[in-house]
Every structure is written in structure tokens, then in C-alpha cells.
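# Results of the structural survey
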Amino acid sequence: MTAQSGSIESVLVENRVFPPSEATMEGARIKGMEAYQALCDEAEKDYEGFWARLARENVVWTKPFTKVLDESNAPFYKWFEDGELNASANCLDKHMGTPVENKTAIIFEADDGKVTKVTYKEMLERVSQFANALKAEGVKKGDRVIIYMPMTIEGIVAMQACARIGATHSVVFGGFSAKAVHERIVDAGAVCVITSNYQMRGGKELPLKSIVDEALAEGGTECVKSVLVFERTPTACNMVEGRDKTFSQALEGQSTVCDPVPVGAEHPLFVLYTSGSTGKPKGVQHSTGGYILWANTTMQWTFDLRPEDIFWCTADIGWVTGHTYITYGPLAAGATQVVFEGVPTYPDASRFWKMIQDHKVTIFYTAPTAIRSLIKAADSNEAVHPKNFDLSSLRILGSVGEPINPEAWMWYYKNIGGERCPIVDTFWQTETGAHMMTPLPGATPLVPGSCTLALPGITAAIVDETGNELPNGSGGILVIKRPWPSMIRTIWGDPERFKKSYFPEELQGAYLAGDGAVRSEDRGYFRITGRIDDVLNVSGHRMGTMEIESCLVAKSDLVAEAAVVGRPDDLTGEAICAFVVLKQGRPSPEEAPKIAKALRDWVAHEIGPIAKPKDIRFGDNLPKTRSGKIMRRLLRSLAKGESITQDTSTLENPAILDQLGDAY
Ligand code: WTA
């Protein structure tokens with residue numbers, strides 16, 4: 001574990017500061033830094049009292065909790081343990097009989113532009129009916145359900161329906177491969193898979209159900225008793241008699257009333273797989289009580305949500321951002337939200353701006369990669385420039401998933417926000433459940449590229465390798481010093497790995513985020529410098545280098561050895577670079593592009609297209625020390641195209657470096 005400066009190049013000292021305007025502060029929930037500080041002080045004075053207050057105000061309990069935090073078996077912390085609740089009831093039932101009941105919950109825009117609206121009352125009916133269908137399939141409290149769905153209202157309904165009956169969902173991103181689906185089904189021991197016949201993206205109809213079929217054809221999947229298939233398009237797909245049902249078949253005759261099943265606060269609401277520093281993805285297990293608490297609270301604090309807001313988070317439900325800021329947070333907070341099926345570049349790269357205009361979006365939450373690619377598109381084509389659209393409805397902008405470089409920040413601020421909308425640069429992770437560090441719109445002076453300060457109650461700090469806190473101005477390892485309600489509870493089925501990954505002994509009980517960060521001298525603002533482990537962040541998606549390496553090596557007819565590192569990329573933040581030793585030896589320059597393509601196709605098939613290496617370099621060997629250790633720092637330099645100025649005296653085979661110059 002070494003704190004390095006990170007791979008995303010950005011301006012080191014950022015002097016631009018944007019304090020909140022009068023207009024933004026007007027009516028803000030947390031108004032001014034004094035209000036922020038008061039909440040921090042409250043948490044510091046009485047940590048459990050602070051969280052208990054929020055849990056009473058922002059969560060509906062069917063049985064109130066009497067205990068707040070149980071640290072007796074740290075780091076397996078328990079929050080509100082004897083309390084009972086239902087997550088779906090906290091998103092839907094609680095609004096019945098209030099003005100939210102007939103409010104629009106979801107404005108869904110399909111890939112082809114067709115718009116469908118659903119009210120909270122209708123959502124409750126649809127979720128209840130789906131929950132009854134799941135019960136009819138024999139799914140019960142504690143069972144795991146895999147959801148492999150496109151961005152649709154039905155995907156959200158499926159997640160909420162699981163929550164309603166106490167089943168634990170595990171959503172698999174629709175871009176992942178059959179192998180990824182298979183691994184997750186087996187690891188989770190799922191009893192049911194919810195999928196769609198096809199998905200529509202950028203005008204194309206892409207198969208989903210056939211990928212589930214491929215996954216289920218492999219061993220270890222006997223646990224799956226039923227497959228429910230949403231008919232997204234009229235095209236038929238393979239259906240297995242006795243196992244598969246279409247949504248219409250499953251829902252037929254099911255009542256639209258279904259009592260939510262109360263579960264204990266610690267009951268696993270979901271398991272979401274994410275890449276770690278070893279080959280196997282980790283099933284991040286979340287609780288119900290603490291998770292719903294922070295999903296709801298951060299909706300209100302970070303986005304300063306108001307009843308008339310139109311919220312739009314552009315994430316996919318396959319990622320944690322889609323869980324917390326599409327499926328749970330906005331509904332728990334009673335917001336109207338836009339849900340988008342398609343891609344930002346179809347039919348052209350003005351789709352986002354047009355949708356903001358059409359739906360009068362007030363809060364827009366997206367990823368730096370999307371912003372950077374839309375900047376590029378707008379620069380090269382006037383017609384898709386945001387200036388052609390009326391974006392005056394916007395009042396708050398958000399960024400998530402990767403560091404936002406100050407240049408992209410400024411463009412977003414000026415061209416989308418009209419220099420009027422604060423940007424909340426929200427730092428968090430699959431493991432943290434919801435926001436950890438972010439500016440608050442009505443309080444925090446903004447600094448481009450900085451996620452500023454931790455939310456009240458979140459004890460973020462920068463430490464050295466022995467866990468000692470470092471002063472402002474120095475870079476180090478980002479930790480959270482105390483447990484918080486929405487934190488990861490364990491890695492599904494692997495508590496030892498949980499302890500080792502997040503609570504290494506040398507950090508004295510603090511949670512290790514896996515990122516490096518530096519705090520500014522003047523304000524103590526945090527700036528994330530990038531991952532300090534073997535995880536890459538490509539377009540805001542986490543990819544384990546080991547995972548891609550194992551995948552390449554698994555192509556055993558071609559590959560003898562492989563090493564994967566990241567390099568900075570203007571568009572995707574980081575790019576995946578693979579160094580490959582082929583069994584046949586180094587390919588000729590004519591052969592190399594073909595083999596590189598075959599390897600990319602292989603990775604796309606085994607993991608998913610997002611894991612495809614951008615650069616592939618071939619050598620007769622990899623640069624290794626005399627003891628046989630791959631010298632990754634050299635690979636990182638080569639990947640960046642830097643000339644090697646480092647000490648190579650420990651290198652067994654220096655001549656190899658010359659071979660690795662060409663990227664395919
Ligand atoms: C990175 C996504 C800088 C970070 C919610 C983290 C960020 C990883 C930011 C988690 C941000 C996320 N600024 N870096 N605002 N937000 N990251 O689990 O490296 O998909 O560890 O969760 O994304 O990615 P994950």
C-alpha cells in the first residue's frame with residue numbers, strides 16, 4: 001500500500017473559489033458554513049445521538065430501534081440493530097395519503113424518445129404486483145435474486161419488489177458478459193433471475209436473455225428455479241419450459257396489493273459486485289436501515305432537494321450510483337426523477353441537453369467522462385453544443401465516479417450551469433453506500449476538482465501508512481475513521497476478505513477507501529488523487545487489473561503471460577493497457593493488430609466491453625526483477641509513453657523494454 005500521486009493529471013494548486021450565490025443559499029436546507037459546522041459539531045459531540053436523530057427523522061420504522069451502534073464485533077458494525085423497517089415502504093407506502101401520492105415519481109424516456117410517466121401511487125401498485133409475482137415463484141425473505149435488466153421502469157420495480165418481500169437483490173450491469181452473470185449467480189446462490197428479452201441502446205436491439213441462458217447453461221446454477229423475462233421489444237427470445245416466464249405471464253392475476261415484509265435493520269438489502277485488487281469481484285453487502293437512512297438524507301443535503309425539483313441521475317441501475325440515486329434515494333425523498341434508457345450520443349450528442357430542456361430538469365447528476373465526451377462532441381459540432389438548448393431550469397449540477405479535472409469542471413459550470421448552478425462533486429464508493437464528501441449547494445465555497453469536505457457525521461481523514469493523521473497540505477491515504485450507517489457490512493460469503501481489504505491492521509481500525517487524497521493547506525479541502533490499489537477507474541467504472549490479467553491468461557491457446565496497468569486518458573480518465581507475452585513469441589507487425597483484436601474480443605466476451613484494453617503491447621517477456629517480480633512501475637511509464645529514466649539495474653531483462661514500444 002503506497003500513497004502515490006495518482007494517475008489523473010490535474011492542476012495541483014487550484015486558486016479559483018466559487019462561494020454560493022445569494023440565490024442558491026435562499027431557502028437552502030443547510031444554509032451557510034455555520035449551519036454545516038453546527039451539524040458537524042452535533043455529530044462530534046454525540047455521534048450516536050446525531051445518527052439516531054437522523055434515523056428517526058428520515059426513516060419510517062415499523063419497530064423503533066433502541067440501540068444505535070454496536071461495535072462489539074468490529075469491523076462488523078451493526079446499526080439500529082433491533083429496529084425493523086422495509087426499504088420499499090420507505091420509498092412508496094410512506095408517501096400514500098400525502099401530497100406525494102399523486103406526484104410523478106418517474107419520467108421515463110426510452111431510447112427512441114418515447115416518454116412514460118408513473119406516479120408514486122402507480123409505482124406502489126406495480127411494485128406490489130411484482131412482489132406478489134415473486135412470491136408466486138417461491139421467492140421469500142432472505143433469498144437472493146439476480147437482476148440483469150436494461151434501464152427501464154421495470155428494472156426499478158424489480159429491485160423495489162425484492163426489497164418489499166425481504167429478498168436480497170444483486171443487480172448485474174447489462175453490459176456484463178455471460179461469465180460475469182454466471183459468477184454472480186453462483187456466488188450469491190440466487191434462486192431467481194430477472195431479465196429482459198432485449199435491451200435498446202442507441203437504436204440497436206441487443207440481447208440480454210440469451211446471455212442469461214448462456215450463464216445458466218454452466219454448472220453451479222442449479223439454485224436458480226425461475227427466470228422472469230421482461231418483454232422490452234416484440235422480438236421473441238428463447239424460453240425454457242418450466243423455468244422461464246414473461247413478465248405478463250408472471251404478473252397475470254396478481255393483486256396490486258402486497259404488504260411490505262418488515263426486516264431487521266441489518267438485513268441485507270442488496271449485494272452489488274465490484275472489482276477489487278484480486279481477480280474475483282467482491283459482493284459488497286449493504287444493510288437496510290443504515291443504507292436507506294443515508295440514501296434519503298444525502299438526497300436532501302447534497303442536492304438540497306425541494307418538492308418541485310426534477311432530479312436526473314444519468315447512471316445505470318447496474319452501478320451503485322443507480323441504486324442509491326435512482327432506485328432508493330429519490331423515491332425515499334419523494335422526488336420526481338427522470339430515468340433514461342439510452343446513451344448520451346444517440347441520436348446525437350445533444351441528447352442530454354435536449355432532455356434537460358424537455359423535462360425542465362432542475363438537478364442534473366452525471367459522470368466526468370460523459371461531460372468530457374460531450375465537450376469534445378460540442379467542440380467539433382456546433383449543432384450539439386449546449387448553447388442551442390434552454391437549460392435555465394437547472395439549479396444544481398453533480399459529478400460522480402471519478403475525479404473531475406478542473407478544465408471539465410469549468411466547462412460544466414459555464415456551459416451547462418450558466419455560472420449559476422453549484423457543482424456538487426460527490427466522492428463515494430460502492431462500499432460507502434452513499435455520498436461521503438461533497439460540497440453542499442447552499443453552504444460550501446466550490447473549488448474546481450475538489451470534493452471539498454466530508455458530510456456531517458463522516459470522519460474522513462488522510463493518514464500515512466501506519467494510520468497517523470497527516471497535516472493539511474500533504475498527500476496520503478484516505479480513510480474514514482469511524483463507522484457510519486450506510487457502510488458495507490461484509491463481502492458476501494467472505495468476511496475475512498472484508499476485514500483484510502477494508503480494515504488492515506496498520507490503519508488502527510479506520511476504513512481504508514483505497515484512494516489517495518490530499519487536503520488543501522488553506523481550507524482543508526479534499527482532492528482525490530486516484531486509486532492506490534490495483535483498481536483502475538475507466539469512464540467512472542471500476543476495473544481490477546488482476547481481473548483483466550486473469551482473463552487474458554485464460555486465453556491459454558494464445559497467451560502465456562499478461563500484465564495490466566492504467567494510463568491517464570483525456571476522455572475516460574484512465575485507459576487499460578495490457579502487456580502480453582504470447583505462446584508463439586512476439587507477433588510480426590502484420591499479425592499484431594489481428595491478435596490484439598482477438599484478445600479484445602475475448603475480454604469483451606469474458607468480462608464485458610468496458611474491460612477491453614485500449615492498448616496492447618507484445619514482448620517476448622515482461623520486465624521482471626531477478627526474483628521474477630513484474631516491474632509494474634516500468635510498465636506504467638511505458639504505457640504513458642514516457643522514456644524510462646528510472647533505475648533499471650534490478651531488471652533481469654532490460655532489452656525487453658525496447659520490444660514494448662508499440663501499442664496495438
Ligand atoms: C472514484 C462510484 C474522485 C474513487 C460512486 C472511488 C471519485 C471509486 C469520485 C468508487 C469523485 C468516485 N472524485 N474520485 N467525486 N467518486 N470516485 O465503487 O476512486 O463505482 O474509490 O462508486 O470511484 O467507484 P464505485
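This one's a predicted model, so the numbers in the text were calculated from it and none came from an experiment.

## Brief notes about the overall build of the chain
Along its length, the chain carries 19 helices and 30 strands. Across its three principal axes, the chain shows a C-alpha extent of roughly 75 × 65 × 60 Å. Every one of the 664 residues in the chain was classed for burial, and the buried ones make up 61%. Put simply, 71% of the contacts in the chain that link residues at least 6 apart link residues at least 24 apart. For the chain, the accessible surface area stands at approximately 24,700 Å², while carbon and sulfur atoms represent 51% of it. If you average the places of the 69 positive and of the 84 negative side-chain charges in the chain, the two averages end up 1 Å apart.

## A look at the packing of aromatic side chains
Each aromatic ring pair is described using two quantities: the centre-to-centre distance and the angle formed by the ring planes. Following the criterion strictly, the structure yields 41 aromatic pairs and no others. Ring centres of Phe 340 and Phe 352 lie 6.3 Å apart, and the angle between their planes is 75 degrees; this geometry places the pair in the edge-to-face category. Pair noted here: Phe 340 is in strand E17 (residues 336-340) and Phe 352 is in helix H12 (residues 351-359), with a separation of 12 residues, a long-range link. In this structure Phe 340 comes out as buried when scored by relative accessible area, which is 7%. Residue classification places Phe 352 among the buried positions, given a relative accessible area of 4%. Among the aromatic residues, those joined into a ring-pair cluster are Tyr 47, Phe 50, Trp 51, Trp 61, Phe 65, Trp 79, Phe 80, Trp 294 and Trp 301.

## With respect to the sheet that holds strand E5 (residues 115-119)
An order of E5-E4-E17-E16-E18-E19-E20 is seen for the seven strands of this open sheet, with the pairing classed as mixed. The open sheet terminates on both sides in strands that have one partner only, identified here as E5 and strand E20 (423-426). Between one strand and the next, the sheet's axes are offset by a mean angle of 20 degrees, whatever the strand orientation. Summarising the sheet, strand E16 (residues 310-313) and E17 pair through three bridges and their orientation is parallel. Looking across to E17, one finds that Trp 312 is bridged to Val 338.

## Topic: the UniProt feature "binding site: ATP" (unreviewed entry) in the chain
When the UniProt feature table is mapped onto this chain, "binding site: ATP" (unreviewed entry) is found at Gly 401, Glu 402, Pro 403, Asp 425, Thr 426, Phe 427, Trp 428, Gln 429, Thr 430, Asp 515, Arg 531 and Arg 542. Relative to the helices and strands, Pro 403 is located in the loop between strand E19 (396-400) and helix H14 (406-416). In this fold, Arg 531 is placed in strand E25 (residues 526-531). One polar contact links the side chain of Arg 531 to the main-chain carbonyl oxygen of Gly 514, over a distance of 3.4 Å.

## Notes on the UniProt feature "domain: Acetyl-coenzyme A synthetase N-terminal" (unreviewed entry) in the chain
Mapped onto this numbering, the UniProt entry gives "domain: Acetyl-coenzyme A synthetase N-terminal" (unreviewed entry) at residues 36-91. Taken end to end, residues 36-91 comprises 48% helix and 11% strand; its first and last C-alpha atoms sit 26 Å apart.

## Digging into the packing of helix H10 (residues 289-302) against helix H11 (residues 320-332)
Running from N to C, H10 and H11 cross one another at 80 degrees; their axes reach a closest spacing of 8 Å. With respect to H11, the axis of H10 lies roughly perpendicular. Side by side, H10 and H11 meet where Tyr 291, Ile 292, Ala 295, Asn 296, Thr 298 and Met 299 of the first sit next to His 323, Thr 324, Tyr 325, Tyr 328, Gly 329, Pro 330 and Ala 332 of the second. Class assignment for the residues of the contact of H10 with H11 results in eight nonpolar, five polar and no charged.

## Considerations on the state of the cysteines
Every disulfide links exactly two cysteines, by a covalent bond between their sulfur atoms. Summed over the entire model, instances satisfying the criterion amount to zero disulfides. Here Cys 40 stays unpaired: no disulfide links it, and the sulfur of Cys 451, its closest cysteine neighbor, is 14 Å away. Free cysteine: Cys 223, not disulfide-bonded; nearest cysteine sulfur from Cys 192 at 11 Å.

## Notes on the packing of helix H2 (residues 32-45) against helix H3 (residues 47-58)
Where H2 contacts H3, the axes come no closer than 4 Å and their chain directions differ by 120 degrees. By the angle between their axes, H2 is oblique relative to H3. Contact with H2, carried on its side by Leu 39, Glu 42, Ala 43 and Lys 45, involves Tyr 47, Phe 50 and Arg 53 of H3 and no other residues of that element.

## Re unusual backbone geometry
Each neighbour pair has its own omega, and for Ala 74 with Pro 75 the value is 5 degrees, a cis peptide bond. With respect to the element layout, Pro 75 can be found in the loop between strand E1 (69-70) and strand E2 (78-79). Between Tyr 346 and the following residue, Pro 347, the backbone shows a cis peptide bond with an omega angle of -5 degrees. Within the secondary structure, Pro 347 sits in the loop between E17 and H12. We note that Phe 80 has phi near 55 degrees; this positive angle belongs to a residue other than glycine. Relative accessible area serves as the criterion here: at 0%, Phe 80 is assigned to the buried category. Residue Asp 304 is not a glycine yet carries a positive backbone phi of 45 degrees. Inspection of the secondary structure assignment puts Asp 304 in the loop between H10 and E16. Look at Asp 304 and you get buried, because its relative accessible area is 3%.

## Notes on the site of the ligand
For the ligand, the set of nearby residues contains 17 residues, the closest of which are Asp 425, Thr 430, Asp 515, Arg 531 and Arg 542. At 3.4 Å from a nitrogen atom of the ligand is found a main-chain nitrogen or oxygen belonging to Pro 403. In this structure, an oxygen atom belonging to the ligand sits 3.2 Å away from a side-chain N or O atom of Asn 537. Computed on the free molecule, the ligand has an accessible area of 530 Å², of which 96% lies beneath the protein chains in the complex. Residues that form the shell around the ligand fall into these classes: six nonpolar, six polar and five charged.

## Observations regarding the pattern of salt bridges
Scanning the entire structure with this criterion turns up 38 salt bridges. Across the pair Arg 351 and Glu 109 runs a salt bridge, and its minimum N-O distance is 2.9 Å. Placement of Arg 351 in helix H12 and of Glu 109 in strand E4 (residues 104-109) is noted, with a sequence separation of 242 residues between them. In this structure, Lys 354 and Asp 358 form a salt bridge, with 2.8 Å as the shortest nitrogen-oxygen distance. Placement of the pair is Lys 354 and Asp 358 together in helix H12, with a separation of four residues, close to one helical turn. A relative accessible area of 40% places Lys 354 in the partly exposed class. Owing to a relative accessible area of 38%, Asp 358 belongs among the partly exposed residues under this scheme. One salt-bridge network, held together by shared partners, links Lys 179, Glu 183, Arg 184 and Glu 606.

Reading guide: rules and limits
Residues numbered from 1 in each chain as written. Predicted model: local features only at pLDDT ≥ 70, side-chain atom pairs only at ≥ 80, totals over all residues. Heavy atoms only, no water. Helix = DSSP H or I, 4+ residues; strand = E, 2+ residues; numbered from the N terminus. Buried < 20%, exposed > 50% of the residue type's maximum accessible area, 1.4 Å probe, protein only. Contact = heavy atoms within 4.5 Å. Areas by Shrake-Rupley, 256 points an atom, 1.4 Å probe, with all protein chains shown as cover. Lys, Arg positive; Asp, Glu negative; His and termini not counted. Charge placed at Lys NZ, Arg CZ, Asp CG, Glu CD. Phe/Tyr/Trp six-rings, centres within 6.5 Å; stacked < 30°, edge-to-face > 60°. Pairing = 2+ DSSP bridges. Axes fitted to C-alpha atoms, helices over the stretch in contact; angles between N-to-C directions. UniProt positions renumbered as here; feature names shortened; annotations may be inferred. Polar contact = N/O pair within 3.5 Å; in protein donor to acceptor, adjacent residues only side chain to side chain. Parallel < 35°, antiparallel > 145°, perpendicular 65-115°, else oblique. Nonpolar A, V, L, I, M, F, W, Y, C, P; charged D, E, K, R; others polar. Disulfide = S-S within 2.5 Å. Near = heavy atom within 4 Å. Salt bridge = Lys/Arg side-chain N within 4 Å of Asp/Glu carboxyl O.

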